[in-house]
2 protein chains.
Amino acid sequence: MDFALKLEACRQAVDAALAGLLESKSAEATQLAPLAGAMRYATLGGGKRFRPFLVVETAALFGVPQAKALAAAAAVECVHCYSLVHDDLPAMDDDDMRRGRPTVHKAFDEATAILAGDALLTLAFEVLGRPETDPDPLVRSELVLGLAHAGGWQGMVGGQMLDLLAEHTPTDLEGVIRIEALKTGALIEFSVIAGAILGRGGAVERQALARYARALGLAFQIADDLLDAEGDAAEVGKATAKDAASGKATFISLLGIEASRVKLKELEAEAIGALDAWDGRADVLREAARFVVQRRS
Amino acid sequence: MDFALKLEACRQAVDAALAGLLESKSAEATQLAPLAGAMRYATLGGGKRFRPFLVVETAALFGVPQAKALAAAAAVECVHCYSLVHDDLPAMDDDDMRRGRPTVHKAFDEATAILAGDALLTLAFEVLGRPETDPDPLVRSELVLGLAHAGGWQGMVGGQMLDLLAEHTPTDLEGVIRIEALKTGALIEFSVIAGAILGRGGAVERQALARYARALGLAFQIADDLLDAEGDAAEVGKATAKDAASGKATFISLLGIEASRVKLKELEAEAIGALDAWDGRADVLREAARFVVQRRS
């Protein structure tokens, strides 16, 4: 199957899983409608579902069928979506548009956006704690520990903090790489590791997959910076040229566009090389690395 | 041992456990110092540690030593502290003072407060996922599931949402009880259930403890409302008479002070009665119910 079709099919399955998680028939549903509405708006309004795709496809590498990886995949997406809601807040990046629509605090209000983010983060762990996610409690515990570590103060949240601080302090290339490794990389790496946890992968396999994910995550961010520098706001779905306007250090401002493209190709090769232990079964993950490098939105 | 001394001894043990969780020797520590500092400020700045106390003392009912319940107890406190940080934000309750000191967004800034809250919530699940918390992964998974359910959109976060909405809509007694059951009650109930999970308590025991916790949680909130109505700001450590000033429906505004006191005594009896299956071993939990009803700060 064509990679784009595979990604799209996974997106639809993940969207259905997320919609199921955010459905509520309880009596409270009416009064909690604004909160539930904001949570659905934050999660169901588009997005490539690239992180869930990595969970599903890495799990598939170990023979786990898509249906058995979807709950964990949806949990990762909940964390990604909560981080977007909070990062967009006026006190943070102050963004009005996301995925071509008003951000959650614009469509609802700030209090609802803060709470919807909190609730999505919490929901992710509720999903990972459920026996339906995986019958083995050790697998569930490992998923919880991994997601919390990747998403917390020494992972994604820490990265967002460093990113905010970097707006006021000069940052070199090493600093930008460190920020991105935490802010974007940690959750991408966990997505891949989650697939290995679901697939009962061993330590050596996890190490190879972590190398793949780290190269992929950095490539993802450089591609994002290139889109910001060169992309069209309508196509990207959010404001572009924002980094240059803010004077913030990025791969592009530090390396220039040409060297960034070279780095991107190196990371693609590194990611693909990390999968050498696998045969054709890893082709989808190899395609994913090519997709990240070539993406246009 | 005297109840106040027991509570104080537990508070010190919980403070030490929280301080340990928030210690970081990693290289990142320097750059993440503002975030780590806000997390420590939010968790280590006082507080009775009543929820951790419930975890520890309910676990003790099943013979679990304090040291083996402290990690789960600290995780519950992380969730409680994160909720205070976010609830105090300008977009939410807009409070400047908490526990006698400036709130986190006043002492730091709004972005740091949002991120510190997010990080504390995430840290709670990281702690629950760690094998050190309990060697049995099923226990860890149950703790995660229970905390996430109690803390999420159908628990504490939902309660805060309903509480914000109630500022603009008339609320009757049933509505106030429902809001408090979610906003405060859910986490108090989970604290008790967490002790039962750590102690491998059965379904019947958990049901009795849940009844105890629900009466206790409601009593806790009525006592809080009485403190708001009658307490001295310096003693309580935050602004008082705030509810009356905002015109918000509370137990006091709906029932009056005298009937609220009667209700409080009824709830105390209900909580104590729920513990009838236990002998003297449950005396500390019985004392906790009396403490909640009599507290002055």
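Note that the coordinates shown come from a computational prediction; the quantities given were computed from them, not determined experimentally. (Residues numbered from 1 in each chain as written. Chains lettered and ligands numbered in written order. Predicted model: local features only at pLDDT ≥ 70, side-chain atom pairs only at ≥ 80, totals over all residues.)

Let's talk about the overall build of chain A
Here is the rule: Here a helix means four or more residues in a row that DSSP labels H or I, a strand means two or more in a row labelled E, and each is numbered from the N terminus. Using C-beta atoms placed from the backbone, we call a residue buried if 20 or more other C-beta atoms fall within 10 Å of its own, exposed if 12 or fewer do, and partly exposed for counts in between.
Along its length, chain A carries 15 helices and 2 strands. In chain A, which comprises 297 residues, the proportion classed as buried is 54%.

Here's the deal with the environment of B:Leu227
Considering the arrangement of structural elements, one finds B:Leu227 in helix H10 (residues 203–230). Taking the C-alpha atoms as reference points, B:Leu227 and B:Arg296, 69 residues apart in sequence, are found 6.8 Å from one another.

Overview of the packing of helix H2 (residues 33–44) of chain B against helix H6 (residues 110–129) of chain B
Residues and elements named next belong to chain B. As a reminder, the rule being used: In this analysis, axes come from line fits to C-alpha atoms, helices being fitted only over the stretch in contact, and the angle between any two N-to-C directions falls in the range 0 to 180 degrees. Throughout this description, any angle smaller than 35 degrees is read as roughly parallel, any larger than 145 degrees as roughly antiparallel, any in the 65 to 115 degree range as roughly perpendicular, and the remainder as oblique. The contact rule is simple: place each C-beta atom from the backbone, and if two of them lie within 7 Å, those residues are in contact. Residue type decides the class: Asp, Glu, Lys and Arg count as charged, Ala, Val, Leu, Ile, Met, Phe, Trp, Tyr, Cys and Pro as nonpolar, and the leftover types, Gly among them, as polar.
As a packed pair, H2 and H6 sit with axes 9 Å apart at the nearest point and diverge in direction by 70°. Judged by the angle between their axes, H2 and H6 are roughly perpendicular. Of H6, the residues touching H2 (which contributes Pro34, Leu35, Ala38, Met39, Ala42 and Thr43) are Thr112, Ala113, Leu115, Ala116, Ala119 and Leu120. Here the residues of the contact of H2 with H6 are counted per class, giving 10 nonpolar, 2 polar and no charged.

Focus: the relation of the copies chain A and chain B
Our working rule: All copies are superposed by least squares; the fitting set is the C-alpha atoms of residues with a pLDDT of at least 70 in both.
Once turned by 180° and shifted 0.0 Å along the axis, chain A lies on chain B with an RMSD of 0.0 Å. Put plainly, the chains are arranged around a two-fold axis. The overlap is high: 100% of the interface residues of chain A also sit at the interface in chain B, so the same surface is used on both sides.

Here we look at the interface of chain A and chain B
On the chain B side, the residues contacting the 44 residues of chain A number 44 residues. Broken down by element, the residue count for the side of chain A that touches chain B peaks at 13 residues, all from helix H6 (residues 110–129) of chain A. Of the residues that constitute the side of chain A that touches chain B, the class distribution is 26 nonpolar, 12 polar and 6 charged.

Comments concerning the environment of B:Gly155
Residue and element names in this part refer to chain B. With respect to the secondary-structure elements, Gly155 resides in the loop between helix H7 (137–151) and helix H8 (156–166). Take Gly155: there are 25 C-beta atoms within 10 Å of it, and that puts it in the buried class. Between the C-alpha atom of Gly155 and that of Leu187, which follows or precedes it by 32 residues, the distance is 7.9 Å. Setting aside anything within four residues of it in sequence, one finds Gly155 in contact with His149, Ala150, Leu182 and Ala186.

Side note on the confidence of the model for chain A
For clarity, the cut-off: Each residue carries a pLDDT score, the predictor's confidence in it, ranging from 0 to 100.
Residues with a pLDDT of 70 or more make up 93% of chain A, whose mean pLDDT is 93. The ipTM value of the predicted complex is 0.96, and its pTM value is 0.96.

With respect to helix H9 (residues 173–198) of chain B
Note: α-helices contain 3.6 residues per turn, so residues at a spacing of three or four share the same orientation. All names here are of chain B. To keep it simple, the criterion reads: Helix span, expected: 1.5 Å multiplied by one less than the number of residues in the helix. What we call the bend at a residue is the angle made by axes fitted to the seven residues finishing there and the seven residues starting there.
Taking 1.5 Å of rise per residue, the 26 residues of H9 would be expected to cover 38 Å, and the 35 Å separating its terminal C-alpha atoms lies within 8% of that figure. A bend of about 55° at Gly185 is the largest found in H9. The element H9 is largely enclosed, with a buried count of 21 among its 26 residues.

Quick word on the nonpolar core
Put simply, the rule reads: For this analysis, nonpolar core means a set of buried Ala, Val, Leu, Ile, Met, Phe, Trp, Tyr and Cys residues linked through C-beta atoms within 7 Å.
Counting residues in hydrophobic clusters, the biggest one holds 210 residues, and the most contacted among them are A:Ala219 and B:Ala219. Excluding its chain neighbours within four sequence positions, the residues that come into contact with A:Ala219 are A:Leu264, A:Leu267, A:Glu268, A:Ala271, A:Ala289, A:Val292 and A:Val293.

As for helix H14 (residues 257–273) of chain A
The terminal C-alpha atoms of H14(A) lie 24 Å apart, and with 17 residues this matches the ideal 24 Å at 1.5 Å per residue to within 8%. Packed against the buried residues of H14(A) are helix H10 (203–230) and helix H15 (283–294) of chain A.

Description of the environment of B:Val157
Locating B:Val157 in the fold gives a position in helix H8. Considered as a pair, B:Val157 and B:Ala111 are 46 residues apart in the sequence and their alpha carbons are 19 Å apart. The residues touching B:Val157, leaving out its near neighbours within four places in the chain, are A:Leu115, A:Asp118, A:Ala119, A:Thr122, B:Gly151 and B:Gly152.

Things to note about unusual backbone geometry
The backbone of A:Arg49 sits at a positive phi, close to 60°, despite the residue not being glycine. With respect to the helices and strands, the residue A:Arg49 is situated in the loop between helix H2 (33–44) and helix H3 (50–61). When the 25 C-beta atoms within 10 Å are taken as the criterion, A:Arg49 is described as buried. Residues other than glycine seldom take positive phi values, yet B:Arg200 does so here, at roughly 55°. With respect to the helices, strands and loops of the structure, B:Arg200 is situated in the loop between H9 and H10.

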